[in-house]
Amino acid sequence: MKSPIVAPSVLSANFAHLAADFAMLNESAAEYIHVDVMDGVFVPNISFGLPVIQAMRKLSAKTFDVHLMIVEPDKYIDAFRNAGADILTVHLEASTHLHRTLQKIHASEMKAGVAINPHTSVQLLEDTINDIDLVCVMSVNPGFGGQKFIENTYDKVARLKDLILRKNAATLIEIDGGVTLDNAARLVQSGADVLVAGNTVFNSPDPAATILQLKNIA
Ligand code: DX5
Ligand code: ZN
């Protein structure tokens, strides 16, 4: 089994000591840094926005995997590129013209991600999968860190993997929400390529060691 890309979610970091948390991430086996943007409309919570991402960008050269939990994401594509996003993920449920949004993200020279909520079927990606670099499968309802993993995700990931293979797409599968050292191996077996982890990493007594454990889970 291929070892997954680990994407610690800075939503669970200590916002008063971001420099220290980023120093740990920079030295760790994490390839991506997962950055959750919440607008209080698409999800019932507000996290942080562009100036904070700009400040984080100065702290790390790792891939910034920016997950937009916002309505009308098209309006801010260039702004997030300028703030430092490398991968920009929009929610399918927030995109009326998803194909156009994907084109705009690519035109801004970022990788394009699509996140799907737990109730959203992978079948809805059938006609865009070849234009998507990463599908973020939400394994909790978005809005908060530290929630319980939804078990249906394993089956959903396997169905998404089938779709990607059938369409001969190069899309990565990312899992976001409730990822732990207990469910990570089965997720990778089901087809996951990228594991987001907030609580599991930042509430660990040794976050860098936990990142490495996730990396070597397979
Ligand atoms: C949830 C966010 C997640 C969150 C994951 O809405 O999209 O990225 O930070 O946190 P954990 O790993 O603690 O569930
Ligand atoms: Zn996220």
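Heads up: the structure comes first, above all this text.
Residues numbered from 1 in each chain as written. Chains lettered and ligands numbered in written order. Predicted model: local features only at pLDDT ≥ 70, side-chain atom pairs only at ≥ 80, totals over all residues. Heavy atoms only, no water.

Asker: Let's hear about the coordination of the zinc ion (ligand 2): which residues, and what values?
Answerer: Only His34 (NE2), Asp36 (OD), His67 (ND1) and Asp176 (OD) from the protein coordinate the zinc ion (ligand 2), and they sit 2.1 to 2.3 Å from it. Taken together, the six donor atoms coordinating the zinc ion (ligand 2) span angles of 70 to 171° at the metal, a pattern that classifies the geometry as octahedral. Considered as a linear motif, the donors of the zinc ion (ligand 2) on their single chain read H-x1-D-x30-H-x108-D. One end of the pair, aspartate 36, is in strand 2 (residues 32–38); the other, histidine 67, is in strand 3 (residues 63–69), and 31 residues separate them in sequence. Here aspartate 36 matches histidine 67 in class, with each residue buried. (Donors = N, O, S within 2.8 Å, 3.2 Å for Na, K, Ca; no water. Tetrahedral: all angles 85-135°; square planar, octahedral: opposite > 155°, others 65-115°. Helix = DSSP H or I, 4+ residues; strand = E, 2+ residues; numbered from the N terminus. Buried < 20%, exposed > 50% of the residue type's maximum accessible area, 1.4 Å probe, protein only.)

Asker: Mind laying out the sheet that holds strand 4 (residues 87–91), listing which residues take part and the relevant values?
Answerer: Taken together, the eight strands give an open sheet; going across it, the order is 1-8-7-6-5-4-3-2, and neighbouring strands pair in parallel fashion. Of all strands in the sheet, those bounded by a partner on one side alone are strand 1 (5–8) and strand 2. Taking the axes of each pair of neighbouring strands and ignoring which way they run, one obtains an average angle of 25° across the sheet. For strand 3 and strand 4, the ladder comprises three bridges, and the chain directions are parallel. Bridging from a neighbouring strand, valine 66 pairs with leucine 88 of strand 4. Against the sheet, helix 8 (residues 207–215) makes contact with strand 1 and strand 8 (194–197), and its axis sits at roughly 145° relative to strand 1, the strand it touches most. (Pairing = 2+ DSSP bridges. Axes fitted to C-alpha atoms, helices over the stretch in contact; angles between N-to-C directions. Contact = heavy atoms within 4.5 Å.)

Asker: Describe in detail the layout of surface pockets, supporting the description with residues and values.
Answerer: Of the volumes computed, that of the largest pocket is approximately 260 Å³. Along the wall of the largest pocket there are 27 residues; nearest its centre are Gly145, Gly146, Asp176, Gly177 and Gly178. Those elements that provide at least two residues to the lining of the largest pocket are strand 2, strand 3, strand 8 and helix 7 (199–202). (1 Å grid on protein atoms, 1.4 Å probe; cavity = no way out; pocket = protein on both sides within 12 Å on 5 of 7 lines; lining within 4 Å. Points joined across faces, edges and corners; volume = space filled by probe spheres on them.)

Asker: Please provide a residue-by-residue account of the packing of aromatic side chains, values included.
Answerer: This model, assessed by the stated rule, comprises three aromatic pairs. Judged by centre distance (5.7 Å) and plane angle (80°), the rings of phenylalanine 15 and phenylalanine 48 are edge-to-face. One end of the pair, phenylalanine 15, is in the loop between strand 1 and helix 1 (18–27); the other, phenylalanine 48, is in the loop between strand 2 and helix 2 (50–57), and 33 residues separate them in sequence. Measuring from ring centre to ring centre gives 6.3 Å for phenylalanine 22 and phenylalanine 64, while their planes differ by 45°; the resulting arrangement is tilted. Taken together, the residues phenylalanine 22 in helix 1 and phenylalanine 64 in strand 3 connect sequence positions 42 residues apart. Judged by its relative accessible area of 0%, phenylalanine 22 falls in the buried class. (Phe/Tyr/Trp six-rings, centres within 6.5 Å; stacked < 30°, edge-to-face > 60°.)

Asker: Talk me through the side chain of threonine 101; I want residue IDs and the actual numbers.
Answerer: Structurally, the position occupied by threonine 101 is in helix 4 (residues 98–107). Not counting the four nearest positions on each side in its chain, threonine 101 is found in contact with Asp74, Ile77 and Val90.

Asker: Could you give an account of the site of ligand 1, with specific residues and numbers?
Answerer: Neighbouring ligand 1 are 20 residues; Ser9, Asp36, Gly143, Asp176 and Gly198 lie closest to it. For ligand 1, an oxygen atom lies 2.8 Å from a polar atom in the backbone of glycine 146. Here an oxygen atom of ligand 1 sits 2.8 Å away from a polar atom, N or O, in the main chain of glycine 198. Here ligand 1 loses 99% of its free accessible area of 380 Å² to cover by the protein chains. Counting atoms within 2 Å of the grid points, the majority share of ligand 1 lands in the largest pocket. (Near = heavy atom within 4 Å. Polar contact = N/O pair within 3.5 Å; in protein donor to acceptor, adjacent residues only side chain to side chain. Areas by Shrake-Rupley, 256 points an atom, 1.4 Å probe, with all protein chains shown as cover. Sits in = over half its atoms within 2 Å of the grid points.)

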